[in-house]
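Coordinate analysis (summary)
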Amino acid sequence: MAKKAVAKKKPTKNNAQDFSKYIRRFWMIFAGGVFAFFFMFLLASWGALGEMPDHTILENPKTFLATEIISSDNKTLGKFYLDDNRTPVDYEELPKELVDALVATEDIRYYDHSGIDFRGTVRAFAYLGKKGGASTISQQLARQLFVGVRSKNKFEAMTQKIKEWVIAIRLERQYTKEEIIAMYLNIYDFGNNGDGIRSASRIYFGKEPKDLKLKESAMLVGMFKNSSLYNPIPSRNPVGVKNRRNVVLAQMNKYEYISETLKDSLQDTELDLNFSPESHREGSATYFRAYLDKFMKDWIKDNPKPDGSKYNLYNDGLKIYTTVDSRMQKYAEEAVALHIPRLQAEFDNQNTPKRNKTAPFLELDAQEIKGLMNSGMRRSERWRVMKLAGKSENDIRDSFEKPVRMSIFAWKDGKPSEIDTIMKPIDSMRYYKSFLQPGMMSMDPQTGHVKAWVGGMNYRHFQYDHVKQGKRQVGSTFKPIVYATAIDQLHLSPCDTIPRQQITIEANKYGNPEPWTVKNSDDRYDGFLTLKSALGNSVNTATARLMDKVGPEPVVDMAKNLGITSEILPVPAIALGTADISVYEMVAAYATFANKGVYNKPVMVTRIEDKNGTILYQFTPETKDVLSAEVAYTTVNLMQGVVQAGSGQRLTHSWATKVPVYKEIITGYPYEFTNPIAGKTGTTQNQSDGWFMGMVPNLVTGVWVGAEDRSAHFSSITYGQGAAMALPIWGLYMKACYADEELGVSKDEFEKPENLSIEVDCEKWKGNDGEGKDPKDELDDVLDF
């Protein structure tokens, strides 16, 4: 059967017209869309969609920058900030792997576009973002600097996106590609106070950005996705961060920045964090930084900006260049951390309930303890806050008796730790009074530059500074000032002899209302001894006799000329160190002896710069001549006797390693120093305070150890003397400084003045029996007390 032929329909005129109409409509819509797109661009650039940054703001985008504290060896000691712990770095300080990881993960066509990735944008629209977004690094920077968090309102979100595009193009015209990358890495918040790449590198890995390894760079880049979600600390999301890091490594491999082998090997590794939080109460030199906070606030009051406004310590990105050496600060903090827990263990052993029912106090009755605690309450932060809130005194006192949750400081296996507990505030006060605290400062006597400053054991829990703020009785460390006065006035020699016998200064001779008679710690008063032996063995009667020769007024004048500003009463008892003086003052005073009689006021800040590097402050040295070089050298020579054969000789000998007391608390013994050292130990009458002042030609260091209250102290001189409490910290610190040869700490002799007229080279200086002292007698003295 034949098929019917089917006739083809010819396009009608109407069909052709319809097709043309659709084409025209398409192009009209397309053209309209393009026009609308560019019109929105124009509107955004004109500010119709909200305020837009002008040329000047683009040049200087407003970001809050932390004030940076910089050590003398150009390390960051810490920062002052409120919300933004940000310190910018230049592109040259960024490792190549970090930049590669960022580009591979966030914007692979970064170097090919001018702010907007059109290919990525079309893809994002076509797939509705399911195959990735299209925000370039420049757009993300624009959002961080000027646009802010994406709105949940679709229309507002669209206008924000358009503004980002416009600002991104402007940023690309204003800055180089490298500058934009640096700005983006500097602006991003990595969490945990890690504002910007520099803070993040230091907080998460304890290093500068330039020192980051590839896998560390990959982890930080991975956090750009969402640093709140991808938080690497153990209590948050380390597994998620590791997975995200591995995605970054995969991207780097995909775009041939790294090999497959390297990618696989790195993906198998752990994060290896070195989490080092940066806060005002943690990190290095916390007590020094607290001093600087006050110093800077005082400076800001008196030094306004050119426009008359005040600098903001927390937002203006100032740079404070200090004299503290980060290495020496580290050695000082480590020395304290090694010795104090061992000393504390002996202190706690003394204060068990069976041994001391009034622990940690000694020689106080119940009424005296109540008065002491009442005084402590009134000085407390709790009292101050509640008083400001309008609470009555009874309400405040009652609050001290109500148990509350708190974290308290504790030593655990010789390391500082915290214990979460429930305790009455009044009980926590008494608990904290049981801890021994250190104060330590180290200074270059020739420049006055302070190299290390340790004001306490743990700033988070103990914020009272025992370097400059705290003042305690200095004990026998004051004696060299008496000796220096006598040498200056009477032209004495270390080889001159003096009676050991008791002396009584009659009432009212020097303003003393009663007769003043001193005792020697060994109760020996026979014969004579040289001045060198007298000071080396801290013989009280010898110092009292010198005081009687010169009188208290000249001694007080000498102390003031040596930079001591604390009140010192002009009475004979000051010869034995009854005055309360700070470590800061004592170090500066001793430094004058080491610096040939020239006093240098301690210097902590050398200069201050603004964020652009403009110098705002430069220190001016403050010096004065106090003593002749002869008298200063002779005083130093006397103090060398303390270390050669006196109370400080444990710094040089090594025969006592098996003696129990040395094994228990002389941390780091034997020290076996062979270089010249001058120094003086100090112990107050009831063992409340232990001091050691030690010096070599270019470094003077003072150490004090004691409890918050003087009534909390050692019951025995075996543990409660300067040679046991403070000297080991000095020994540990100096051993570490000498091991670091780059520091250049001197092992030389103290420089002897030319044509010295005072005899210092005694043929043999005498001991307590007039025949010279065997070094082992020092141990007998300790154990006999």
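Moving on, we come to the overall build of the protein chain. Looking only at helices and strands, one finds 27 helices and 20 strands in the protein chain. Looking at the protein chain residue by residue over its 785 residues, the buried ones come to 54%. In the protein chain, once contacts between residues fewer than 6 apart in sequence are set aside, the share between residues at least 24 apart is 70%. As presented, the protein chain carries roughly 37700 Å² of accessible surface, and 51% of it is formed by carbon and sulfur atoms.

Within strand E20 (residues 699-707), nine of the nine residues are buried, leaving the element largely enclosed by the surrounding structure. Burial along E20 is two-sided: Leu699, Thr701, Val703, Val705 and Ala707 and Val700, Gly702, Trp704 and Gly706, pointing in opposite directions, are all buried. Here strand E6 (residues 436-443) runs beside E20; their pairing, made up of eight bridges, is antiparallel. Bridging across to E20, Leu436 finds its partner in Ala707. In this sheet, E20 lies alongside strand E19 (residues 689-696) in antiparallel orientation, the contact comprising eight bridges. Bridged to Gly690 within E20 is Val705.

This paragraph deals with the pattern of salt bridges. Two side chains of opposite charge can pair, provided their charged atoms sit close to one another. Overall, the coordinates contain 37 salt bridges when judged by the stated rule. Between Lys297 and Asp293 there is a salt bridge, with its nearest N and O atoms 3.0 Å apart. Taken as a pair, Lys297 and Asp293 lie in helix H12 (residues 286-302) at a separation of four residues, close to a single helical turn. What makes Lys297 partly exposed here is its relative accessible area of 36%.

This part takes up the nonpolar core. Counting residues in each nonpolar core, the largest one holds 156 residues, and the members touching the most others are Trp453, Phe478, Met695 and Tyr733. Ranked by residue count, the leading element in this core is helix H22 (residues 583-594), at 10 residues. Not counting residues up to four positions away in its chain, the partners in contact with Met695 are Tyr590, Phe593, Ala594, Val636, Met639, Ile677, Ala678, Val700, Trp730 and Phe750. Listed in part, the 47 residues of the second largest apolar core include Leu94, Ala142, Tyr184 and Phe224.

Bringing the sheet that holds E20 into the picture now. Spatially, E7-E6-E20-E19-E18 is the arrangement adopted by the five strands of the open sheet, whose pairing is antiparallel. In this open sheet, the two edge strands, each paired with only one partner strand, are strand E7 (450-454) and strand E18 (678-683). Going across the sheet, the axis of each strand differs from the next one's by a mean of 5°, ignoring polarity. Packing against the sheet, helix H23 (residues 629-645) makes contact with E18 and E19, and its axis sits at approximately 65° to E18.

The next thing to look at is unusual backbone geometry. The omega torsion of the bond from Ala359 to Pro360 falls at 5°, within 30 degrees of zero and hence cis. The step from Tyr669 to Pro670 runs through a cis peptide bond, and the omega angle for that step is 5°. With respect to the element layout, Pro670 can be found in the loop between helix H24 (660-665) and E18. One non-glycine residue, Lys596, lies in the positive phi region at around 60°. Relative to the helices and strands, Lys596 is located in the loop between H22 and strand E14 (598-600).

Topologically, Asn351 is positioned in the loop between helix H13 (326-350) and helix H14 (366-379). Once the C-alpha coordinates of Asn351 and Phe361 are considered, the two residues, 10 residues apart in sequence, prove to be 8.4 Å apart. With sequence-adjacent residues up to four places away left out, Asn351 is seen in contact with Asn356, Ala359 and Pro360. A distance of 2.8 Å separates a polar atom in the side chain of Asn351 from a polar atom in the side chain of Asn356.

Two packed helices can be described by the angle between their axes and the distance between those axes. Following both chains from N to C, one finds helix H18 (residues 479-490) and helix H21 (residues 552-561) inclined at 110°, their axes separated by 9 Å at the closest point. As the angle between them shows, H18 and H21 are arranged roughly perpendicular. For the pair formed by H18 and H21, the contact residues are Ile481, Val482, Ala484, Thr485, Asp488 and Gln489 on the first element and Pro554, Val555, Met558 and Ala559 on the second. Residues that form the contact of H18 with H21 fall into these classes: seven nonpolar, two polar and one charged.

If you check H14, its first and last C-alpha atoms are 20 Å apart, about what 14 residues at 1.5 Å a residue would give, namely 20 Å. For H14, the complete set of buried residues consists of Ile369, Leu372, Met373, Gly376 and Met377. Along H14, the residues classed as buried sweep out an arc of 140° about the axis, all on the same side. Relative to its buried face, H14 has exposed residues pointing more than 90 degrees away, namely Gln367 and Lys370. Packed against the buried residues of H14 are helix H15 (381-388), helix H16 (393-399) and helix H17 (425-432). Backbone nitrogen of Gln367 and a side-chain oxygen of the N-cap are separated by 3.2 Å at the start of H14; the cap is Asp365.

The contact between H14 and H17 brings their axes to 11 Å, and the two run at 105°. By the angle between their directions, the pair H14 and H17 is classed as roughly perpendicular. In contact with Ile369, Met373, Gly376 and Met377 of H14, H17 contributes Ile426, Met429 and Arg430. Here the residues of the contact of H14 with H17 sort into five nonpolar, one polar and one charged.

Strands sit in the order E2-E1-E3-E15-E16 across an open sheet of five strands; the sheet is mixed. Both edges of this open sheet fall to strand E2 (76-80) and strand E16 (615-618), since each of them pairs with a single strand only. Taking each pair of neighbouring strands and ignoring which way they run, the sheet shows an average axis angle of 15°. The strands touched by H12 within the sheet are strand E1 (67-70), E2, strand E3 (319-322), strand E15 (605-609) and E16, with E2 carrying the most contacts at an inclination of about 50°.

Along the chain, the position of Asn458 falls in the loop between E7 and strand E8 (472-473). We classify Asn458 as buried; its relative accessible area is 18%. Considered as a pair, Asn458 and Arg281 are 177 residues apart in the sequence and their alpha carbons are 8.5 Å apart. Not counting residues up to four positions away in its chain, the partners in contact with Asn458 are Tyr287, Phe409 and Pro416.

Okay, the packing of aromatic side chains next. Two numbers describe a pair of aromatic rings. These are the distance of the centres and the angle of the planes. Overall, the coordinates contain 31 aromatic pairs when judged by the stated rule. Ring centres of Tyr432 and Phe435 lie 6.2 Å apart, and the angle between their planes is 40°; on these two criteria the pair is classed as tilted. The exposure class assigned to Tyr432 is buried, which follows from its relative accessible area of 16%. On the basis of relative accessibility, which here comes to 6%, the residue Phe435 falls in the buried class. Here Tyr669 and Tyr671 contribute two aromatic rings whose centre-to-centre distance is 6.2 Å and whose plane-to-plane angle is 85°, an arrangement assigned as edge-to-face. As far as burial versus exposure is concerned, Tyr669 and Tyr671 are alike and both buried. Linked through ring pairs, Tyr662, Tyr669, Tyr671, Phe673, Phe692, Trp730 and Tyr738 together constitute an aromatic cluster. The ring centre of Tyr584 lies 4.8 Å from the NZ or CZ of Lys468, which sits over that ring. Across from the ring centre of Tyr738, 5.0 Å away, lies the NZ or CZ of Lys747, which sits over that ring.

Here we take up the pairing of E1. What you see with E1 is no split at all: Thr67 and Ile69 on one side and Glu68 and Ile70 on the other are buried throughout. In the sheet, E1 pairs with E2 via four bridges, with the strands oriented antiparallel. Note that in E2 the partner of Glu68 across the bridge is Lys79. Both E1 and E3 contribute to a ladder of three bridges, which runs parallel. Looking at the pairing, Glu68 lines up with Lys319 of E3.

How each quantity is defined
Residues numbered from 1 in each chain as written. Predicted model: local features only at pLDDT ≥ 70, side-chain atom pairs only at ≥ 80, totals over all residues. Heavy atoms only, no water. Helix = DSSP H or I, 4+ residues; strand = E, 2+ residues; numbered from the N terminus. Buried < 20%, exposed > 50% of the residue type's maximum accessible area, 1.4 Å probe, protein only. Contact = heavy atoms within 4.5 Å. Areas by Shrake-Rupley, 256 points an atom, 1.4 Å probe, with all protein chains shown as cover. Pairing = 2+ DSSP bridges. Salt bridge = Lys/Arg side-chain N within 4 Å of Asp/Glu carboxyl O. Core = buried A, V, L, I, M, F, W, Y, C linked by side-chain atoms within 4.5 Å. Axes fitted to C-alpha atoms, helices over the stretch in contact; angles between N-to-C directions. Polar contact = N/O pair within 3.5 Å; in protein donor to acceptor, adjacent residues only side chain to side chain. Parallel < 35°, antiparallel > 145°, perpendicular 65-115°, else oblique. Nonpolar A, V, L, I, M, F, W, Y, C, P; charged D, E, K, R; others polar. Expected span 1.5 Å × (residues − 1). Arc of directions from axis to C-beta. Phe/Tyr/Trp six-rings, centres within 6.5 Å; stacked < 30°, edge-to-face > 60°. Lys NZ or Arg CZ within 6 Å of the ring centre and 35° of its normal.

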